[in-house]
Each structure stands twice: as structure tokens, then as C-alpha cells.
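Breakdown of the fold
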Amino acid sequence: MHAFDVLGDPVRRRILELLAEGEQAAGALTTKIQEEYGISQPAVSQHLRVLRDNGFATVRADGVRRLYAIDPDPLREVDAWLARFRGFWSQRLDALATELARGKRQRRLRATTEDDE
């Protein structure tokens with residue numbers, strides 16, 4: 001499965017967001033996803049399996065619990081692929097930063113002028 005096929009599903013993206021906070025027990029992930037998406041435990045398990053089978057998540061046993069964590073390697077590959085396209089939005093973000101700085105400078109000048117009056 002291609003990385004974007006894995007990441008194209010909102011449930012799997014949410015699981016990765018939760019895992020970005022740190023290692024999580026399968027039960028805790030399942031509870032959170034069930035609350036947010038109203039899907040069954042087997043459906044959550046299937047999403048965890050897709051993440052694991054495609055290298056986005058690792059799992060380790062801790063007694064009877066299964067602890068999931070992010071494997072960053074596939075995300076690095078996605079980031080590298082996206083790097084070709086960053087120029088399309090980074091120039092706009094740079095322009096936005098310039099405009100924000102200009103606005104702050106103008107507000108400071110106005111505040112200074114008003115204080116002098």
C-alpha cells in the first residue's frame with residue numbers, strides 16, 4: 001500500500017496524531033477512536049494493523065497490553081516527497097510573514113505617535 005493510501009484515511013491519520021503524543025496502549029487508542037468515530041473495536045484493530053503492516057507504527061507487548069508507537073521512517077519518506085512542492089507554499093508563507101511584520105511595525109509606530117501627542 002502506498003504511503004498516501006495509508007494516510008488518506010482520517011481514522012489512521014487520527015491514530016498517528018495520538019501516537020505523536022507518545023506510546024499508547026491499543027485499548028486506550030481503541031477507546032479514543034471509538035468515541036470520536038463511532039466505529040467498532042475490530043475496525044480500530046484493522047486500522048492499527050494497516051499502520052503496523054505498512055511501517056507507520058510499531059507494536060510491543062507489555063504483559064497482556066500491546067503498546068503502539070510511531071515509526072518515523074515512512075513519514076520521512078512522505079516528507080521527502082513533499083519537499084518538491086514546498087516552494088509552492090513557502091513563498092506565500094514568507095510573504096505572509098513580511099505582511100505580518102509590516103502590520104506590527106505600523107501598529108508600533110501608531111502607538112508611539114499617539115503616546116507623543
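Residues numbered from 1 in each chain as written. Predicted model: local features only at pLDDT ≥ 70, side-chain atom pairs only at ≥ 80, totals over all residues. Heavy atoms only, no water.

Between helix H2 (residues 10–19) and helix H3 (residues 26–37), the least distance of the axes is 11 Å, while the angle of their chain directions is 135°. Classified by the interaxial angle, the pair formed by H2 and H3 is oblique. Taken as a pair, H2 and H3 cross one another with a handedness that is right-handed. Of the residues in H3, those in contact with Pro10, Val11, Arg14, Ile15, Leu18 and Leu19 of H2 are Leu29, Lys32, Ile33, Glu36 and Tyr37. Of the residues belonging to the contact of H2 with H3, the class tally is eight nonpolar, no polar and three charged. (Axes fitted to C-alpha atoms, helices over the stretch in contact; angles between N-to-C directions. Helix = DSSP H or I, 4+ residues; strand = E, 2+ residues; numbered from the N terminus. Parallel < 35°, antiparallel > 145°, perpendicular 65-115°, else oblique. Left-handed = near helix turned anticlockwise from the far one by under 90°. Contact = heavy atoms within 4.5 Å. Nonpolar A, V, L, I, M, F, W, Y, C, P; charged D, E, K, R; others polar.)

A cluster of basic side chains, namely Lys104, Arg105, Arg107, Arg108 and Arg110, defines a positive patch on the protein surface. Here arginine 105 falls in the partly exposed class, since its relative accessible area comes to 43%. (Patch = residues over 30% accessible without salt bridge, like charges linked within 9 Å, V, L, I, M, F, W, Y side chains within 5 Å. Areas by Shrake-Rupley, 256 points an atom, 1.4 Å probe, with all protein chains shown as cover. Salt bridge = Lys/Arg side-chain N within 4 Å of Asp/Glu carboxyl O. Lys, Arg positive; Asp, Glu negative; His and termini not counted. Charge placed at Lys NZ, Arg CZ, Asp CG, Glu CD. Buried < 20%, exposed > 50% of the residue type's maximum accessible area, 1.4 Å probe, protein only.)

Here two bridges tie strand S1 (residues 24–25) to strand S3 (residues 65–70), and the two strands are oriented antiparallel to one another. Across the sheet, the residue bridging to alanine 25 is leucine 67, located in S3. Summarising the sheet, strand S2 (residues 57–62) and S3 pair through six bridges and their orientation is antiparallel. Within S3, the residue paired with alanine 61 across the bridge is arginine 66. Connecting S2 to the next strand, S3, in antiparallel fashion are two residues, including glycine 63 with a positive phi near 70°. (Pairing = 2+ DSSP bridges.)

Quick look at the sheet that holds S2 now. Spatial ordering of the open sheet is given by S1-S3-S2, a layout of three strands whose pairing is antiparallel. Two strands close off the open sheet at either side, each with one partner strand: S1 and S2. With respect to the sheet, H2 is in contact with S1, S2 and S3, its orientation differing from that of S3 by roughly 95°.

In this section: helix H5 (residues 72–83). One turn of an α-helix holds 3.6 residues; hence residues three or four places apart share an orientation. Here H5 spans 16 Å end to end across twelve residues, near enough to the 16 Å set by a 1.5 Å rise per residue. Where H5 begins, one side-chain oxygen reaches toward the backbone nitrogen of aspartate 73, 3.2 Å away; that side chain belongs to aspartate 71. (Expected span 1.5 Å × (residues − 1). Polar contact = N/O pair within 3.5 Å; in protein donor to acceptor, adjacent residues only side chain to side chain.)

Soluble globular proteins: nonpolar side chains tend toward being buried together. Of all hydrophobic cores here, the largest spans 18 residues; its most connected members are Ile15, Leu48, Leu51 and Tyr68. Taken together, the elements giving at least two residues each to this core come down to helix H1 (3–7), H2, H3 and helix H4 (41–53). For this core, the element with the highest residue contribution is H2, accounting for five residues. When near neighbours in sequence (up to four residues on either side) are disregarded, leucine 48 contacts Ile15, Ala26, Leu29 and Tyr68. (Core = buried A, V, L, I, M, F, W, Y, C linked by side-chain atoms within 4.5 Å.)

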